Amino acid sequence: MHQEKIEAIKSAISAAEAGNEEELEAYRMKFISKKSVVGELFAEMRNIPNEQKKEYGQLVNEVKQMADAKFQELIDQVNLAKKHTKSFDQDLTLPPTNIAAGGIHPLTATRQRIIEIFERIGFNLSEGPEIEDDWHNFTALNFPENHPAREMQDTFFLEKNPDVALRTHTSSVQVRVMENQKPPIRTLSPGRVYRNEAISARAHCIFHQVEGLYVDENVGFADLKNTLYHFAKEMFGKETKVRFRPSFFPFTEPSAEIDISCLICGGKGCNVCKGSGWVEIGGSGMVDPNVLENCGIDSKKYTGFAFGMGIERIAMLKYQIKDLRLFTENDVRFLRQFKPML
Ligand code: PHE
């Protein structure tokens, strides 16, 4: 009979819950205090025959220990809950603190967009070192020794070894690719280049270019033009026009400067295009047969075109940025404006 009663109390203790002070007090009254069910079990002792007292006492003590342990558990629970509610005990109508989310740098976004456009028409990506030797930056590209063309670009040479320099253009990657691959070659090489120039709004000693190279049988100037028409429309919009202006580079023949119609005035003439309606984005031409031969490609069988464009230039036109220095100053007020690119 006692057995059953004790078992019932035990399961009531295990099932007990308390979410606040009142419920805790209710538990205390029910299982801990003198007048509780457990207290009553102790009072019952005097009605138990002597020979059963020992056994009964043990059972009741077990119940008492269980009730106490549970009580402590519930106290801890209620205290913990109190601590948590405390942090919400504040003014919930206050505006939240801002979480600063990073954006994509405009040069990264521009490079990414250029890569996307050319990847879709079958160009792969290639890279070369920024510290280059004379062969890859000049000689293989048909700049004769002591030719004034080498002075077209002011170069950072290594003082102790003039055979080593910081590359002045990504055309050095063309050479590396052609030396290591057989045509057909269709590759795009974005990267950083260095020129010993005074830093101003329009020039920097560090900037980025993207080189394109296509070598195969029967590649003609029309392929170059169509590729760049496609690029300009994808990058700057359908209305964009492209113009090729005869130019000179030692590694291309014929050579042409690439202009696009001014995005600001649509070709009418404004201060960005200095009234001409056109802005330059890079150089291009048919790969000079000497360059193909220097790289071990049969110039009787293969022809190719190449182009090199300034990534800063393209980003400046696309976002109407007037000062090149902003790209490297890391002023968050400038960088923050490019978040929507995400
Ligand atoms: N490398 C040239 C420059 O830096 C650009 C160019 C690349 C021209 C490829 C023709 C062909 O000015």
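Structure's up top.
The model shown is predicted, which means the values in this text are computed figures rather than measured ones.

The rules behind the values
- Residues numbered from 1 in each chain as written.
- Predicted model: local features only at pLDDT ≥ 70, side-chain atom pairs only at ≥ 80, totals over all residues.
- Heavy atoms only, no water.
- Pairing = 2+ DSSP bridges.
- Helix = DSSP H or I, 4+ residues; strand = E, 2+ residues; numbered from the N terminus.
- Contact = heavy atoms within 4.5 Å.
- Axes fitted to C-alpha atoms, helices over the stretch in contact; angles between N-to-C directions.
- Buried < 20%, exposed > 50% of the residue type's maximum accessible area, 1.4 Å probe, protein only.
- Polar contact = N/O pair within 3.5 Å; in protein donor to acceptor, adjacent residues only side chain to side chain.
- Salt bridge = Lys/Arg side-chain N within 4 Å of Asp/Glu carboxyl O.
- Parallel < 35°, antiparallel > 145°, perpendicular 65-115°, else oblique.
- Nonpolar A, V, L, I, M, F, W, Y, C, P; charged D, E, K, R; others polar.
- Near = heavy atom within 4 Å.
- Core = buried A, V, L, I, M, F, W, Y, C linked by side-chain atoms within 4.5 Å.

Visitor: What should I look at first to understand the sheet that holds strand β10 (residues 303-310) in this one?
Guide: Paired through backbone hydrogen bonds, the strands of a sheet run either parallel or antiparallel to each other. Strand order in the open sheet formed by seven strands is β1-β5-β6-β10-β9-β8-β7, and the pairing between neighbours is mixed. Taken across any chain shown, the strands that pair with only one partner, and hence form the sheet edges, are β1 (124-125) and β7 (242-249). Bridge count between strand β8 (residues 252-261) and strand β9 (residues 278-287): eight bridges; the pairing is antiparallel. Note that in β9 the partner of S255 across the bridge is G285. Its contacts with the sheet place helix α5 (residues 106-120) against β1, β5 (185-194), β6 (206-216) and β10, and it is angled at close to 165 degrees to β5.

Visitor: I would appreciate a short explanation of the environment of T168 in the present structure.
Guide: By the element assignment, T168 lies in the loop between β4 (161-166) and α7 (171-180). A relative accessible area of 0% means that T168 is categorised as buried. Spatially, the C-alpha atoms of T168 and R195 are 5.7 Å apart, while their sequence positions differ by 27 residues. Only 3.0 Å separates the side chain of T168 from the side chain of N137, close enough to count as a polar contact.

Visitor: For this particular structure, what's the right way to read the side chain of K10?
Guide: Relative to the helices and strands, K10 resides in helix α1 (residues 2-15). Residue K10 is classed as buried on the basis of its relative accessible area, which comes to 18%. In this structure the side chain of K10 is engaged in a polar contact, spanning 3.3 Å, whose partner is the side chain of E62.

Visitor: Which parts of the structure should I look at to understand the pattern of salt bridges?
Guide: One side chain can pair with another of opposite charge once the charged atoms of both are near each other. As enumerated under the stated definition, the model contains 13 salt bridges in all. A salt bridge links E25 to R28; the shortest N-O distance between them is 3.0 Å. Taken together, the residues E25 and R28, both in helix α2 (residues 21-32) and three residues apart, mark about one turn of the helix. E25 sits in the partly exposed class, given a relative accessible area of 37%. For the salt bridge of E132 with R176, the shortest nitrogen-to-oxygen distance reads 2.7 Å. Here E132 is found in strand β2 (residues 131-133), whereas its partner R176 is found in helix α7, with 44 residues between them in sequence. Judged by its relative accessible area of 25%, R176 falls in the partly exposed class. What emerges from the salt-bridge pattern is a single network uniting R113, E116, R120 and E234.

Visitor: Is there a simple way to explain the packing of α5 against helix α10 (residues 311-319) in this structure?
Guide: To describe two helices that pack against each other, one gives the angle between their axes and the distance between the axes. Contact geometry for α5 and α10: axes closest at 9 Å, N-to-C directions at 100 degrees. It follows that α5 is roughly perpendicular to α10 by the angle criterion. Together, P106, L107, A109, T110, R111 and I114 of α5 and I311, E312, I314, A315 and Y319 of α10 make up the contact between the two elements. Of the residues that constitute the contact of α5 with α10, the class distribution is eight nonpolar, one polar and two charged.

Visitor: Please clarify how the site of the ligand should be interpreted in this entry.
Guide: Around the ligand there are 15 residues in total, and H169, S171, R195, Q209 and G308 lie nearest to it. Interatomic distance of 2.9 Å between a side-chain N/O atom of R195 and an oxygen atom of the ligand. At 3.0 Å, a side-chain N or O of Q209 approaches an oxygen atom of the ligand. Within the residue set of the shell around the ligand, elements represented by two or more residues are α7, β6, β9 and β10. Looking at the shell around the ligand residue by residue, the classes come out as four nonpolar, nine polar and two charged.

Visitor: Mind showing me how you'd approach the nonpolar core here?
Guide: Soluble, globular proteins show a tendency: their nonpolar side chains are buried together. In this structure, F231, F307 and M309 are the most contacted members of the largest nonpolar core, which totals 41 residues. Of all elements in the fold, only α5, β6, α8 (221-236), β7, β8, β9, β10 and α10 reach the threshold of two or more residues within this core. Of all the elements, α8 adds the most residues to this core, at six residues. Sequence-distant contacts of F231, that is, excluding residues within four places in its chain, are made with I114, I117, F118, F236, I281, M309 and I314. Core analysis: the next-biggest nonpolar cluster, separate from the first, contains 20 residues, F143, F249, L292 and A306 among them.

Visitor: What is the right way to look at the sheet that holds β4 in this model?
Guide: What the three strands build is an open sheet, ordered β2-β4-β3; its pairing is antiparallel. Of all the strands in the sheet, the pair left with one neighbour each is β2 and β3 (157-158). Bridge count for β3 against β4 is two bridges, and the pairing is antiparallel. Counted as the bridge partner of L158 is N161 from β4.

Visitor: How do you make sense of unusual backbone geometry when you look at a structure like this?
Guide: Comment: phi is negative for the bulk of residues other than glycine, and the bulk of peptide bonds are trans. Residue P184 is bonded to the preceding P183 through a cis peptide linkage, with omega at 5 degrees. Following the sequence through the fold, P184 ends up in the loop between α7 and β5. Between E253 and the following residue, P254, the backbone shows a cis peptide bond with an omega angle of -5 degrees. Along the chain, the position of P254 falls in strand β8.

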